[in-house]
Amino acid sequence: MKIPNNPFIGTKYIGFKEKINALKVLNAKSLFRYHGPKLLFMTNKLESKLKEYLNVKYVLACSNGASALKLACIAYGIGPGDEVLMSPFTFIASASSVLACGAIPKFVDIDESMNIDPTKIEQAITKKTKAIMCIHMQGQCCDMLPILDVAKKHNLIIIEDTAQAFASEYNNKKSGTLGDIGAFSLQAGKTITCGEGGFLATNDEVAFQKAKDFHDNGGHRVGCDYPTWMNGETSYGENYKLTELQSGVALAQLSKIEKIVKHQDKIFNYFKNYLDKTKFYKLRAKSDYNKNINVSFCLVFENGKICTEFLTYMQKYQIPFNKYCTKLINSYDVFKKKQGPNKSNYPFNLTDIEYKEGDCSKAMDLINRTAWLNLSAEFKHKHVKFIISKMEEFRAGKR
Ligand SMILES: Cc1ncc(COP(=O)(O)O)c(C=O)c1O
(Lines give C-alpha, C1' and ligand atoms only; values in the text may rest on other atoms or scores of the structure.)
Protein backbone atom coordinates (compact mmCIF):
# COMPACT_ATOMS: atom_id res chain seq x y z
CA MET A 1 0.00 0.00 0.00
CA LYS A 2 1.27 3.49 -0.85
CA ILE A 3 1.40 5.50 2.36
CA PRO A 4 1.13 9.29 1.97
CA ASN A 5 4.20 11.14 3.19
CA ASN A 6 3.21 14.78 3.11
CA PRO A 7 4.17 16.90 6.10
CA PHE A 8 2.86 20.06 4.35
CA ILE A 9 -0.36 20.18 6.34
CA GLY A 10 -1.51 23.75 5.65
CA THR A 11 -0.63 23.41 1.96
CA LYS A 12 -3.06 20.49 1.73
CA TYR A 13 -5.90 22.83 2.71
CA ILE A 14 -5.26 25.45 0.01
CA GLY A 15 -8.56 25.88 -1.77
CA PHE A 16 -11.23 28.29 -2.89
CA LYS A 17 -10.84 30.81 -0.03
CA GLU A 18 -7.09 31.19 -0.54
CA LYS A 19 -7.55 31.62 -4.30
CA ILE A 20 -10.31 34.22 -3.86
CA ASN A 21 -8.24 36.26 -1.40
CA ALA A 22 -5.19 36.17 -3.65
CA LEU A 23 -7.30 37.17 -6.63
CA LYS A 24 -8.96 39.99 -4.69
CA VAL A 25 -5.54 41.44 -3.84
CA LEU A 26 -4.39 41.17 -7.44
CA ASN A 27 -7.58 42.72 -8.77
CA ALA A 28 -7.20 45.59 -6.31
CA LYS A 29 -3.59 46.02 -7.50
CA SER A 30 -2.72 46.67 -3.86
CA LEU A 31 -0.02 44.28 -2.81
CA PHE A 32 1.76 46.40 -0.22
CA ARG A 33 0.22 46.40 3.26
CA TYR A 34 0.38 50.16 3.79
CA HIS A 35 -0.48 51.56 0.40
CA GLY A 36 -2.40 50.84 -2.79
CA PRO A 37 -5.15 52.20 -5.01
CA LYS A 38 -7.74 50.00 -3.33
CA LEU A 39 -6.10 48.63 -0.21
CA LEU A 40 -7.91 45.60 1.21
CA PHE A 41 -6.02 45.55 4.54
CA MET A 42 -5.46 41.78 4.38
CA THR A 43 -2.43 42.06 6.69
CA ASN A 44 -4.36 44.14 9.23
CA LYS A 45 -7.19 41.61 9.11
CA LEU A 46 -4.77 38.72 9.54
CA GLU A 47 -3.21 40.39 12.59
CA SER A 48 -6.66 41.07 14.10
CA LYS A 49 -7.83 37.49 13.59
CA LEU A 50 -4.60 36.14 15.06
CA LYS A 51 -4.98 38.39 18.11
CA GLU A 52 -8.46 36.99 18.61
CA TYR A 53 -7.36 33.39 18.08
CA LEU A 54 -4.34 33.65 20.37
CA ASN A 55 -6.00 35.97 22.88
CA VAL A 56 -3.12 38.46 22.89
CA LYS A 57 -2.99 42.23 22.64
CA TYR A 58 -0.47 42.57 19.81
CA VAL A 59 0.40 40.63 16.68
CA LEU A 60 2.89 41.72 14.05
CA ALA A 61 2.92 39.92 10.70
CA CYS A 62 6.39 39.60 9.18
CA SER A 63 8.28 37.94 6.37
CA ASN A 64 9.08 34.56 7.97
CA GLY A 65 9.61 32.67 11.21
CA ALA A 66 13.34 33.41 11.30
CA SER A 67 12.69 37.16 11.06
CA ALA A 68 9.99 36.84 13.75
CA LEU A 69 12.63 35.31 16.05
CA LYS A 70 15.13 38.06 15.25
CA LEU A 71 12.46 40.71 15.84
CA ALA A 72 11.65 39.06 19.19
CA CYS A 73 15.30 39.45 20.23
CA ILE A 74 15.38 43.05 18.97
CA ALA A 75 12.14 43.82 20.83
CA TYR A 76 13.83 42.92 24.11
CA GLY A 77 17.20 44.51 23.39
CA ILE A 78 19.00 41.17 23.18
CA GLY A 79 22.28 42.03 21.52
CA PRO A 80 26.05 41.63 21.27
CA GLY A 81 27.46 39.08 23.70
CA ASP A 82 24.16 38.27 25.42
CA GLU A 83 23.52 34.58 25.89
CA VAL A 84 20.25 32.91 24.91
CA LEU A 85 19.56 29.42 26.23
CA MET A 86 17.96 26.94 23.85
CA SER A 87 17.81 23.29 22.90
CA PRO A 88 20.04 22.09 20.05
CA PHE A 89 17.28 19.81 18.78
CA THR A 90 15.74 22.32 16.40
CA PHE A 91 16.02 23.92 13.00
CA ILE A 92 19.08 26.14 12.55
CA ALA A 93 16.95 29.33 12.27
CA SER A 94 16.26 29.25 16.04
CA ALA A 95 19.97 29.84 16.62
CA SER A 96 20.86 31.98 13.59
CA SER A 97 18.21 34.56 14.49
CA VAL A 98 20.02 35.01 17.80
CA LEU A 99 23.43 35.23 16.09
CA ALA A 100 21.97 37.80 13.69
CA CYS A 101 21.49 40.12 16.69
CA GLY A 102 25.07 39.55 17.85
CA ALA A 103 23.87 37.36 20.70
CA ILE A 104 25.14 33.87 21.49
CA PRO A 105 23.10 30.66 21.61
CA LYS A 106 24.00 28.47 24.59
CA PHE A 107 22.70 24.96 24.27
CA VAL A 108 20.85 23.13 27.01
CA ASP A 109 20.03 19.44 26.79
CA ILE A 110 16.56 18.03 26.17
CA ASP A 111 14.58 15.38 28.03
CA GLU A 112 12.26 12.63 26.76
CA SER A 113 9.68 15.25 25.81
CA MET A 114 12.20 16.11 23.03
CA ASN A 115 12.07 19.75 24.22
CA ILE A 116 14.45 21.66 26.50
CA ASP A 117 14.92 20.00 29.89
CA PRO A 118 13.63 22.49 32.49
CA THR A 119 15.86 20.94 35.18
CA LYS A 120 19.03 21.74 33.18
CA ILE A 121 18.33 25.42 32.59
CA GLU A 122 19.40 26.94 35.88
CA GLN A 123 22.93 25.48 35.76
CA ALA A 124 23.46 27.07 32.31
CA ILE A 125 22.64 30.60 33.47
CA THR A 126 25.52 33.09 33.67
CA LYS A 127 25.73 36.86 34.09
CA LYS A 128 25.43 37.10 30.32
CA THR A 129 22.18 35.15 30.05
CA LYS A 130 19.34 37.36 28.86
CA ALA A 131 16.72 34.96 27.57
CA ILE A 132 15.47 31.41 27.28
CA MET A 133 14.21 30.39 23.87
CA CYS A 134 11.52 27.77 24.32
CA ILE A 135 11.35 25.83 21.07
CA HIS A 136 8.13 23.86 20.87
CA MET A 137 9.17 21.00 18.63
CA GLN A 138 6.73 19.20 16.36
CA GLY A 139 3.48 20.43 17.82
CA GLN A 140 4.30 20.00 21.50
CA CYS A 141 4.99 22.84 23.92
CA CYS A 142 7.95 22.79 26.26
CA ASP A 143 7.05 22.17 29.88
CA MET A 144 6.54 25.86 30.54
CA LEU A 145 5.60 26.08 34.24
CA PRO A 146 9.05 25.24 35.66
CA ILE A 147 10.70 27.28 32.89
CA LEU A 148 8.60 30.32 33.74
CA ASP A 149 9.66 29.91 37.38
CA VAL A 150 13.37 29.88 36.51
CA ALA A 151 12.92 32.86 34.19
CA LYS A 152 11.18 34.83 36.93
CA LYS A 153 13.83 33.95 39.50
CA HIS A 154 16.67 35.09 37.22
CA ASN A 155 14.83 37.93 35.48
CA LEU A 156 15.12 36.35 32.03
CA ILE A 157 13.03 36.98 28.93
CA ILE A 158 11.13 34.04 27.47
CA ILE A 159 10.98 33.88 23.70
CA GLU A 160 8.87 31.08 22.30
CA ASP A 161 9.81 29.58 18.96
CA THR A 162 6.39 28.35 17.91
CA ALA A 163 7.29 27.76 14.26
CA GLN A 164 6.39 24.07 14.55
CA ALA A 165 3.55 24.30 17.04
CA PHE A 166 0.94 26.86 15.99
CA ALA A 167 -2.44 25.88 17.55
CA SER A 168 -0.93 23.73 20.29
CA GLU A 169 -1.70 24.58 23.91
CA TYR A 170 -0.18 24.37 27.34
CA ASN A 171 -2.15 24.92 30.52
CA ASN A 172 -5.12 26.05 28.37
CA LYS A 173 -3.10 28.81 26.70
CA LYS A 174 -2.02 28.84 23.09
CA SER A 175 1.66 28.22 22.42
CA GLY A 176 3.46 31.47 21.66
CA THR A 177 1.50 33.31 24.37
CA LEU A 178 3.06 31.67 27.42
CA GLY A 179 6.24 33.72 27.68
CA ASP A 180 7.08 37.33 26.87
CA ILE A 181 6.89 37.01 23.11
CA GLY A 182 6.11 34.24 20.61
CA ALA A 183 7.51 33.83 17.11
CA PHE A 184 5.54 31.88 14.51
CA SER A 185 6.14 30.66 10.96
CA LEU A 186 3.81 30.52 7.97
CA GLN A 187 6.32 28.63 5.82
CA ALA A 188 5.05 25.97 3.43
CA GLY A 189 5.51 23.04 5.83
CA LYS A 190 3.63 24.59 8.74
CA THR A 191 0.13 24.05 10.19
CA ILE A 192 -1.15 27.06 8.26
CA THR A 193 0.86 28.62 5.48
CA CYS A 194 1.27 31.27 2.84
CA GLY A 195 4.52 29.83 1.45
CA GLU A 196 6.83 32.08 3.44
CA GLY A 197 5.68 34.30 6.27
CA GLY A 198 5.60 34.68 10.02
CA PHE A 199 4.31 36.71 12.91
CA LEU A 200 4.99 37.78 16.46
CA ALA A 201 2.55 37.70 19.38
CA THR A 202 2.94 39.56 22.66
CA ASN A 203 1.05 41.47 25.33
CA ASP A 204 3.95 43.90 25.73
CA GLU A 205 3.22 47.17 23.96
CA VAL A 206 6.78 48.49 24.15
CA ALA A 207 8.26 45.29 22.74
CA PHE A 208 5.63 45.22 20.01
CA GLN A 209 6.36 48.81 18.97
CA LYS A 210 10.12 48.19 18.90
CA ALA A 211 9.64 45.14 16.68
CA LYS A 212 7.16 46.99 14.47
CA ASP A 213 9.49 49.92 13.86
CA PHE A 214 12.46 47.63 13.24
CA HIS A 215 10.51 45.52 10.74
CA ASP A 216 9.64 48.70 8.82
CA ASN A 217 13.21 49.96 8.20
CA GLY A 218 13.33 51.67 11.58
CA GLY A 219 10.69 54.25 10.74
CA HIS A 220 7.72 54.85 13.00
CA ARG A 221 4.43 54.52 11.16
CA VAL A 222 0.96 55.31 12.45
CA GLY A 223 -1.77 53.46 10.57
CA CYS A 224 -0.92 53.66 6.91
CA ASP A 225 0.76 57.07 7.12
CA TYR A 226 4.18 57.61 5.61
CA PRO A 227 6.79 56.66 8.28
CA THR A 228 9.05 59.11 10.04
CA TRP A 229 11.91 58.64 7.56
CA MET A 230 11.49 62.13 6.06
CA ASN A 231 11.94 63.95 9.36
CA GLY A 232 14.84 61.71 10.38
CA GLU A 233 13.22 60.27 13.50
CA THR A 234 14.34 56.86 12.39
CA SER A 235 16.25 54.18 14.26
CA TYR A 236 18.19 51.30 12.73
CA GLY A 237 15.81 48.80 11.19
CA GLU A 238 15.39 46.31 8.40
CA ASN A 239 12.53 45.31 6.13
CA TYR A 240 10.52 42.29 7.26
CA LYS A 241 7.05 43.23 6.10
CA LEU A 242 4.54 40.68 4.87
CA THR A 243 2.77 41.30 1.56
CA GLU A 244 -0.99 41.55 1.11
CA LEU A 245 -0.94 38.50 -1.16
CA GLN A 246 0.65 36.36 1.54
CA SER A 247 -1.66 37.78 4.19
CA GLY A 248 -4.73 37.00 2.08
CA VAL A 249 -3.66 33.38 1.78
CA ALA A 250 -2.76 33.12 5.48
CA LEU A 251 -6.10 34.67 6.45
CA ALA A 252 -7.96 32.00 4.48
CA GLN A 253 -5.81 29.31 6.08
CA LEU A 254 -6.46 30.67 9.56
CA SER A 255 -10.21 30.38 8.99
CA LYS A 256 -9.66 26.61 8.65
CA ILE A 257 -7.56 26.11 11.75
CA GLU A 258 -10.23 24.38 13.86
CA LYS A 259 -10.89 21.97 11.01
CA ILE A 260 -7.16 21.27 10.62
CA VAL A 261 -6.69 20.68 14.37
CA LYS A 262 -9.69 18.33 14.50
CA HIS A 263 -8.56 16.36 11.48
CA GLN A 264 -5.03 15.91 12.84
CA ASP A 265 -6.50 14.86 16.22
CA LYS A 266 -8.65 12.26 14.52
CA ILE A 267 -5.67 10.73 12.71
CA PHE A 268 -3.57 10.74 15.85
CA ASN A 269 -6.34 9.16 17.94
CA TYR A 270 -6.47 6.12 15.63
CA PHE A 271 -2.83 5.56 16.52
CA LYS A 272 -3.25 6.51 20.15
CA ASN A 273 -5.93 3.88 20.75
CA TYR A 274 -3.50 1.27 19.53
CA LEU A 275 -0.47 2.70 21.31
CA ASP A 276 -2.34 2.91 24.62
CA LYS A 277 -3.20 -0.77 24.38
CA THR A 278 0.22 -2.26 23.48
CA LYS A 279 2.54 -0.52 26.00
CA PHE A 280 5.42 -1.78 23.79
CA TYR A 281 5.68 1.59 22.08
CA LYS A 282 6.44 4.66 24.14
CA LEU A 283 5.47 8.11 22.91
CA ARG A 284 7.68 11.14 23.66
CA ALA A 285 6.98 12.32 27.20
CA LYS A 286 4.26 14.94 27.64
CA SER A 287 2.86 16.66 30.69
CA ASP A 288 -0.88 16.81 31.36
CA TYR A 289 -0.71 20.54 30.63
CA ASN A 290 0.08 19.84 26.97
CA LYS A 291 -2.47 19.76 24.20
CA ASN A 292 -0.49 19.02 21.07
CA ILE A 293 -1.22 19.94 17.50
CA ASN A 294 -0.71 16.51 15.97
CA VAL A 295 1.61 17.20 13.06
CA SER A 296 3.60 14.04 13.79
CA PHE A 297 4.28 11.58 16.55
CA CYS A 298 7.47 10.30 18.02
CA LEU A 299 8.24 6.85 19.40
CA VAL A 300 11.03 6.58 21.95
CA PHE A 301 12.80 3.21 21.94
CA GLU A 302 15.01 1.74 24.62
CA ASN A 303 18.10 1.91 22.46
CA GLY A 304 19.35 2.83 19.00
CA LYS A 305 19.55 -0.80 17.87
CA ILE A 306 15.88 -1.57 18.25
CA CYS A 307 14.97 1.83 16.81
CA THR A 308 17.04 1.09 13.69
CA GLU A 309 15.45 -2.35 13.39
CA PHE A 310 12.03 -0.74 13.65
CA LEU A 311 12.86 1.84 10.98
CA THR A 312 14.24 -0.86 8.68
CA TYR A 313 11.08 -2.92 9.12
CA MET A 314 8.84 0.09 8.41
CA GLN A 315 10.90 1.08 5.38
CA LYS A 316 10.43 -2.41 3.96
CA TYR A 317 6.74 -1.48 3.63
CA GLN A 318 7.46 2.11 2.61
CA ILE A 319 5.98 3.40 5.84
CA PRO A 320 7.65 6.79 6.28
CA PHE A 321 8.85 6.52 9.88
CA ASN A 322 12.19 8.31 10.06
CA LYS A 323 14.82 9.67 12.38
CA TYR A 324 14.12 13.37 12.84
CA CYS A 325 17.78 14.21 12.17
CA THR A 326 21.21 12.69 12.56
CA LYS A 327 22.97 15.80 13.84
CA LEU A 328 22.11 18.42 16.42
CA ILE A 329 22.62 22.02 15.37
CA ASN A 330 25.39 22.56 17.97
CA SER A 331 27.56 20.26 15.83
CA TYR A 332 26.94 22.21 12.62
CA ASP A 333 30.03 23.97 11.20
CA VAL A 334 28.71 27.38 12.18
CA PHE A 335 29.16 26.40 15.85
CA LYS A 336 31.89 23.77 15.67
CA LYS A 337 34.13 26.16 13.74
CA LYS A 338 32.54 29.27 15.25
CA GLN A 339 32.02 30.73 11.83
CA GLY A 340 30.68 34.27 11.85
CA PRO A 341 29.69 35.87 8.55
CA ASN A 342 32.48 38.46 8.54
CA LYS A 343 36.22 38.83 9.08
CA SER A 344 36.05 39.67 12.76
CA ASN A 345 34.12 36.45 13.27
CA TYR A 346 31.46 38.47 15.04
CA PRO A 347 29.60 37.51 17.19
CA PHE A 348 31.67 34.45 18.14
CA ASN A 349 34.53 36.80 19.09
CA LEU A 350 32.32 37.85 22.01
CA THR A 351 32.11 34.47 23.70
CA ASP A 352 34.29 31.81 25.32
CA ILE A 353 31.66 29.13 24.82
CA GLU A 354 33.09 26.14 22.93
CA TYR A 355 30.65 23.94 21.06
CA LYS A 356 31.54 20.27 21.06
CA GLU A 357 29.98 17.27 19.34
CA GLY A 358 29.41 15.44 22.65
CA ASP A 359 27.54 18.33 24.30
CA CYS A 360 23.89 17.67 25.07
CA SER A 361 24.46 13.93 25.28
CA LYS A 362 20.84 13.14 26.10
CA ALA A 363 19.70 14.85 22.89
CA MET A 364 22.31 12.89 20.94
CA ASP A 365 21.13 9.68 22.57
CA LEU A 366 17.47 10.49 21.90
CA ILE A 367 17.88 11.32 18.22
CA ASN A 368 19.37 7.86 17.79
CA ARG A 369 16.51 6.05 19.46
CA THR A 370 13.44 7.96 18.33
CA ALA A 371 11.32 7.31 15.25
CA TRP A 372 9.02 10.01 13.85
CA LEU A 373 5.99 9.70 11.63
CA ASN A 374 4.56 12.78 9.92
CA LEU A 375 0.79 12.65 10.28
CA SER A 376 -0.01 13.54 6.70
CA ALA A 377 -3.40 15.23 6.38
CA GLU A 378 -3.95 12.73 3.54
CA PHE A 379 -3.94 9.75 5.90
CA LYS A 380 -7.09 7.67 5.62
CA HIS A 381 -8.20 5.03 8.10
CA LYS A 382 -6.92 2.31 5.75
CA HIS A 383 -3.39 3.82 5.85
CA VAL A 384 -3.42 3.99 9.62
CA LYS A 385 -4.71 0.40 9.84
CA PHE A 386 -1.91 -0.79 7.56
CA ILE A 387 0.76 1.07 9.54
CA ILE A 388 -0.60 -0.30 12.81
CA SER A 389 -0.65 -3.83 11.40
CA LYS A 390 3.06 -3.52 10.57
CA MET A 391 3.83 -1.98 13.96
CA GLU A 392 2.01 -4.89 15.54
CA GLU A 393 4.04 -7.40 13.49
CA PHE A 394 7.22 -5.75 14.68
CA ARG A 395 6.00 -5.75 18.28
CA ALA A 396 5.23 -9.45 18.00
CA GLY A 397 8.83 -10.14 17.05
CA LYS A 398 8.75 -10.18 13.26
CA ARG A 399 11.90 -8.51 11.88
C1 LIG B 1 11.81 25.36 15.01
C2 LIG B 1 11.86 26.35 13.88
N3 LIG B 1 12.20 27.62 14.14
C4 LIG B 1 12.23 28.55 13.18
C5 LIG B 1 11.93 28.25 11.87
C6 LIG B 1 12.04 29.30 10.83
O7 LIG B 1 10.83 29.58 10.17
P8 LIG B 1 10.85 30.13 8.68
O9 LIG B 1 11.18 29.02 7.76
O10 LIG B 1 9.47 30.67 8.47
O11 LIG B 1 11.86 31.23 8.63
C12 LIG B 1 11.57 26.93 11.54
C13 LIG B 1 11.24 26.57 10.16
O14 LIG B 1 11.15 25.47 9.74
C15 LIG B 1 11.53 25.96 12.57
O16 LIG B 1 11.21 24.68 12.31
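Refer to the structure printed above.
Everything numeric here is computed off the predicted structure, so don't read it as measured data.

Novice: Sorry, what's going on with the site of the ligand here?
Specialist: The environment of the ligand is formed by 16 residues, the closest being Gly-65, Ala-66, Asp-161, Ser-185 and Lys-190. Within the backbone of Ala-66, an N or O atom sits 2.9 Å from an oxygen atom of the ligand. Contact between the ligand and Gln-164: an oxygen atom at 2.9 Å from a side-chain N or O atom of the residue. Contact with the protein chains removes 90% of the 390 Å² of surface that the ligand exposes when unbound. Judged by the proximity of its atoms to the pocket grid, the ligand belongs to the largest pocket. If you list the elements that add at least two residues to the shell around the ligand, you get α4 (65-75) and α5 (93-99). With three residues, α4 is the single largest residue contributor to the shell around the ligand. When grouped by side-chain class, the residues that make up the shell around the ligand number six nonpolar, eight polar and two charged.

Novice: How do you make sense of the nonpolar core when you look at a structure like this?
Specialist: Of all hydrophobic cores here, the largest spans 51 residues; its most connected members are Phe-89, Ile-159 and Leu-200. In terms of domain composition, this core takes at least three residues from each of domain 1 (9-256) and domain 2 (258-326 + 361-395). If we skip the residues at most four places from it in the chain, Leu-200 touches Tyr-58, Val-59, Leu-60, Ala-68, Leu-71, Ala-72, Ile-181, Gly-182, Ala-183 and Ala-211. Formed by 33 residues, the second largest nonpolar core is a distinct cluster that contains Ile-9, Ala-22, Ile-192 and Val-261.

Novice: Hey, could you run me through unusual backbone geometry in this one?
Specialist: A negative phi holds for most residues other than glycine; trans holds for most peptide bonds. Look at the link from Tyr-346 to Pro-347: it is a cis peptide, with omega at 0 degrees. Tracing the sequence through the fold places Pro-347 in the loop between α11 (333-336) and α12 (361-368). Look at Asn-155: it is not a glycine, yet its phi comes out positive at around 55 degrees. With respect to the helices, strands and loops of the structure, Asn-155 is situated in the loop between α6 (144-154) and β5 (157-161). With a phi angle near 65 degrees, Asn-345 is a residue other than glycine that sits in the positive phi range. Counting through the fold element by element, Asn-345 comes out in the loop between α11 and α12. The class for Asn-345 is partly exposed, based on a relative accessible area of 25%.

Procedures and definitions
- Residues numbered from 1 in each chain as written.
- Predicted model: local features only at pLDDT ≥ 70, side-chain atom pairs only at ≥ 80, totals over all residues.
- Heavy atoms only, no water.
- Near = heavy atom within 4 Å.
- Polar contact = N/O pair within 3.5 Å; in protein donor to acceptor, adjacent residues only side chain to side chain.
- Areas by Shrake-Rupley, 256 points an atom, 1.4 Å probe, with all protein chains shown as cover.
- 1 Å grid on protein atoms, 1.4 Å probe; cavity = no way out; pocket = protein on both sides within 12 Å on 5 of 7 lines; lining within 4 Å.
- Sits in = over half its atoms within 2 Å of the grid points.
- Helix = DSSP H or I, 4+ residues; strand = E, 2+ residues; numbered from the N terminus.
- Nonpolar A, V, L, I, M, F, W, Y, C, P; charged D, E, K, R; others polar.
- Core = buried A, V, L, I, M, F, W, Y, C linked by side-chain atoms within 4.5 Å.
- Buried < 20%, exposed > 50% of the residue type's maximum accessible area, 1.4 Å probe, protein only.
- Domains from an automatic or database assignment.
- Contact = heavy atoms within 4.5 Å.

Read these as spatial facts, not as claims about activity.
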